[in-house]
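# Descriptive structure summary
If you want the building blocks of each chain, they are given just below.
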Amino acid sequence: MNIYTQRLDLSTLSAEQQAIIDRQKQAENFLYLDFDTRQRSRFKAETQHQDTIGVDLPRTETIKNGSVLADHQGNLIQIIAAKQALIEVTADNGFDLMKGAYHLGNRHVPLMLTPNALYFEPDHVLEAMLNQLGLHTQAVQAPFEPETGAYKGEHGGHSHSHSHNRDHSHSHEHSGNHQHNHSDAHSHSHSRSRSRSRSRNHEHTHD
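Residues numbered from 1 in each chain as written. Predicted model: local features only at pLDDT ≥ 70, side-chain atom pairs only at ≥ 80, totals over all residues. Heavy atoms only, no water.

### Side note on the packing of aromatic side chains
Here is the rule we go by: Stacked, tilted and edge-to-face are the three classes assigned to paired rings of Phe, Tyr and Trp, where Trp is represented by its six-membered ring and a pair needs centres within 6.5 Å; plane angles under 30 degrees give stacked, over 60 edge-to-face, the rest tilted. To sort residues, take the accessible area from a 1.4 Å probe on protein chains only and compare it with the maximum for the residue type: under 20% means buried, over 50% means exposed, and anything in between is partly exposed. Here a strand is any run of E in DSSP of at least two residues, a helix any run of H or I of at least four, and the numbering for each starts at the N terminus.
Enumeration over the complete set of coordinates arrives at two aromatic pairs. Considering the side-chain rings of phenylalanine 30 and tyrosine 32, the 5.9 Å spacing of their centres and the 80 degrees angle between planes classify their relative orientation as edge-to-face. Classification of phenylalanine 30 by relative accessible area gives buried; the value is 11%. What makes tyrosine 32 partly exposed here is its relative accessible area of 37%. Geometrically, the ring pair formed by phenylalanine 35 and phenylalanine 144 is edge-to-face, given 5.2 Å between the ring centres and 75 degrees between the ring planes. A residue pair is termed long-range when its members are at least 10 positions apart, and phenylalanine 35 in helix α2 (residues 35-38) and phenylalanine 144 in the loop between β10 (136-143) and α5 (148-151) qualify at 109 residues. A relative accessible area of 2% means that phenylalanine 35 is categorised as buried. The buried category is assigned to phenylalanine 144, whose relative accessible area is 0%.

Here it is as structure tokens:
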């Protein structure tokens, strides 16, 4: 079983590598993967020609539609986003669609954006919310390629939390500076006191 361990940049493929991918396209020999699988870095799968392969990639971003993977022997396989069950969201106007995107994004839902529709994985609670907002929803089968910024774990929720911690840190730092200044003042006063004491002792000894 071939183990694919490298992710190749499509823009840097050699002429020979591109020819291999083109032949695979003609033979319809791809690796179709749904979104959940493409988020993983290690898994087994079957190509369209029923060949079992392994994937063992560094933990980076989700495998994109059209990505090319390579093994140590130079074998290549292209990843195609498989069709899967999704909810398609449409609206009577652009503003309503934008409003739907806002509410879904506010719930950190993996969301695919197109000019005329939004797509997310089935969730009857979210679907009911969108219907109440006046948007239209329907079940479809389509490849799922959500916006990476809206999905990654360091998404909106993290940013909000980070901002809160930063404000807290600033407040704490201000308090720390206040204590530091007080300490400096105390140290300075104490130093002056000791200086005067040494001066008096010196004068007494001199006399």
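### Remarks on the side chain of threonine 137
Our working definition: For the purposes of these results, a polar contact is taken to be a pair of N or O atoms within 3.5 Å, where, inside protein, one atom must be able to donate a hydrogen and its partner to accept one; residues adjacent in sequence count only when each atom of the pair is a side-chain atom. Contacts are residue-level and defined by heavy atoms, with any inter-residue pair within 4.5 Å sufficient.
Checked against the element boundaries, threonine 137 lands in strand β10. Among the polar contacts listed, one links the side chain of threonine 137 to the side chain of glutamate 127, at a separation of 2.9 Å. A distance of 3.2 Å separates the side chain of threonine 137 from the side chain of asparagine 131, its partner in a polar contact. When sequence neighbours within four positions are dropped, the list of residues in contact with threonine 137 reads Ile87, Glu88, Val89, Glu127, Leu130 and Asn131.

### Re the pairing of strand β1 (residues 3-8)
Applicable threshold: Here a strand pair is declared whenever DSSP counts at least two bridges between the two strands.
Bridging between β1 and strand β4 (residues 52-56) involves two bridges; their strand directions are parallel. Note that in β4 the partner of isoleucine 3 across the bridge is glycine 54. Across four bridges, β1 lies against strand β5 (residues 68-71) in antiparallel orientation. Counted as the bridge partner of tyrosine 4 is aspartate 71 from β5.

### Concerning the sheet that holds strand β2 (residues 31-33)
Through backbone hydrogen bonds, the strands of a sheet pair up, either in parallel or in antiparallel fashion. Applied cut-off: Where helices are involved, their axes are fitted lines through C-alpha atoms of the stretch in contact, as for all axes, and angles between N-to-C directions lie from 0 to 180°.
The strand order across the open sheet formed by six strands is β2-β6-β5-β1-β4-β3, and the pairing between neighbours is mixed. Among the strands making up the open sheet, the edge pair consists of β2 and β3 (42-46). The mean angle between the axes of side-by-side strands here comes to 40 degrees, regardless of whether they run parallel or antiparallel. In terms of strand pairing, β2 meets strand β6 (residues 76-81) through three bridges, oriented parallel. Looking at β6, one finds that leucine 33 is bridged to alanine 81. Here helix α1 (residues 15-27) sits on the sheet and contacts β1, β5 and β6; the angle it forms with β6, its principal contact strand, is near 55 degrees.

### So, helix α4 (residues 124-132)
To keep it simple, the criterion reads: Starting at the helix axis, one direction is taken to each C-beta atom, and the arc is that of these directions.
For α4, the set of buried residues is Leu126, Met129 and Leu130. Down the axis of α4, the sector holding all buried residues measures 95 degrees, keeping them to one side. Exposed side chains of α4 directed beyond 90 degrees from the buried face belong to His124, Val125 and Gln132. For α4, the elements touching its buried residues are β7 (83-90), α3 (94-106), β9 (118-120) and β10. You can read the cap of α4 off the contacts: a side-chain oxygen lies 3.0 Å from the backbone nitrogen of valine 125, and it is on aspartate 123. The first or second residue beyond α4 is glycine 134, which carries a positive phi of 95 degrees.

### Section: the pattern of salt bridges
Applicable threshold: By salt bridge we mean one thing: a side-chain nitrogen of Lys or Arg within 4 Å of a carboxyl oxygen of Asp or Glu.
Going through the model one piece at a time under the given rule, you end up with three salt bridges. One salt bridge connects arginine 38 with glutamate 145, and the closest N-O pair in it is separated by 3.3 Å. Taken as a pair, arginine 38 in helix α2 and glutamate 145 in the loop between β10 and α5 lie far apart in primary sequence, 107 residues in all. In this structure arginine 38 comes out as buried when scored by relative accessible area, which is 0%. The class for glutamate 145 is partly exposed, based on a relative accessible area of 24%.

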